[in-house]
Amino acid sequence: MPRVAGVDIPNNKATVYSLQYLYGVGSKTAELICEKTGIDPLTPAKDLTEEQLSKIAGVLEQDFIIEGQLRRQVQQNVARLRDIACYRGLRHRRGLPVRGQRTKTNARTRKGPRKTVAGKKSVKEMR
């Protein structure tokens, strides 16, 4: 498996798809990297030479923020929102949707599994 920016990319896939395994590299960015380095996007990653891999690593390091640095930057942005106690920061702190989605229903991904609250006893049980 070729290693780019500390991440193993899949052997059997085309280079343009293998590069997308890096955090912060999507389809457009992967195409741009292949274009800048002069590598055929459909070449399988296992056929890349050491020289081509170093070219890719150079372009990534020079032009893009990826992997650990990008994760750190995102974390810092969220921490800043929390610190200044803006609305988005409060939503992050409470673990609720940040971008205006409804929460009465359909917020399970963000809120986690349901926490059932004990209901009232019925009239029949009281007698």
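Now for a look at the structure at hand. In this text, all values refer to a predicted model and were calculated from it rather than measured experimentally.

**Focus on helix α5 (residues 87–94)**
For an α-helix, the turn length of 3.6 residues means that residues three or four places apart are oriented alike.
Here is step 1: Every buried residue of α5 is listed here: Gly89, Arg91 and His92. All buried residues of α5 lie within an arc of 160° about the axis, which places them on one face of the element. Among the exposed residues of α5, those pointing more than 90 degrees away from its buried face are Tyr87, Arg93 and Arg94.
Here is step 2: Where α5 is buried, its residues touch α4 (67–83) and α6 (108–111).

**Observations regarding the side chain of Thr43**
Here is step 1: Mapped onto the elements, Thr43 comes out in the loop between α2 (27–37) and α3 (50–63).
Here is step 2: Among all residues touching Thr43, those that are not within four sequence positions of it are Lys13, Ala14 and Thr15.

**What about the environment of Ile56?**
Here is step 1: Looking at where Ile56 falls in the secondary structure, it is placed in helix α3.
Here is step 2: C-alpha separation for the pair Ile56 and Ile39, spaced 17 residues apart in sequence, amounts to 9.0 Å.
Here is step 3: Setting aside residues up to four positions removed in sequence, Ile56 forms contacts with Val4, Thr15, Leu19, Ile33, Thr37, Ile39 and Leu48.

**Topic: the nonpolar core**
Here is step 1: The biggest cluster of nonpolar side chains holds 18 residues, and the ones touching the most others in it are Val4, Leu19, Leu22, Val25, Ile33, Ile56 and Leu60.
Here is step 2: Going through the elements one at a time, α2 and α3 are the ones with two or more residues in this core.
Here is step 3: In this structure Ile33 touches Leu19, Val25, Ile56, Val59, Leu60 and Phe64, once residues within four positions along its chain are discounted.

**Here's the deal with unusual backbone geometry**
Here is step 1: Phi at Ala5 takes a positive value of approximately 55°, unusual for a residue other than glycine.
Here is step 2: Along the polypeptide, Ala5 turns up in the loop between β1 (3–4) and β2 (7–8).
Here is step 3: Backbone geometry places Asn106, a non-glycine residue, at a positive phi of 65°.
Here is step 4: Looking at the element boundaries, Asn106 is found in the loop between α5 and α6.

About the cut-offs
Residues numbered from 1 in each chain as written. Predicted model: local features only at pLDDT ≥ 70, side-chain atom pairs only at ≥ 80, totals over all residues. Heavy atoms only, no water. Buried < 20%, exposed > 50% of the residue type's maximum accessible area, 1.4 Å probe, protein only. Helix = DSSP H or I, 4+ residues; strand = E, 2+ residues; numbered from the N terminus. Arc of directions from axis to C-beta. Contact = heavy atoms within 4.5 Å. Core = buried A, V, L, I, M, F, W, Y, C linked by side-chain atoms within 4.5 Å.

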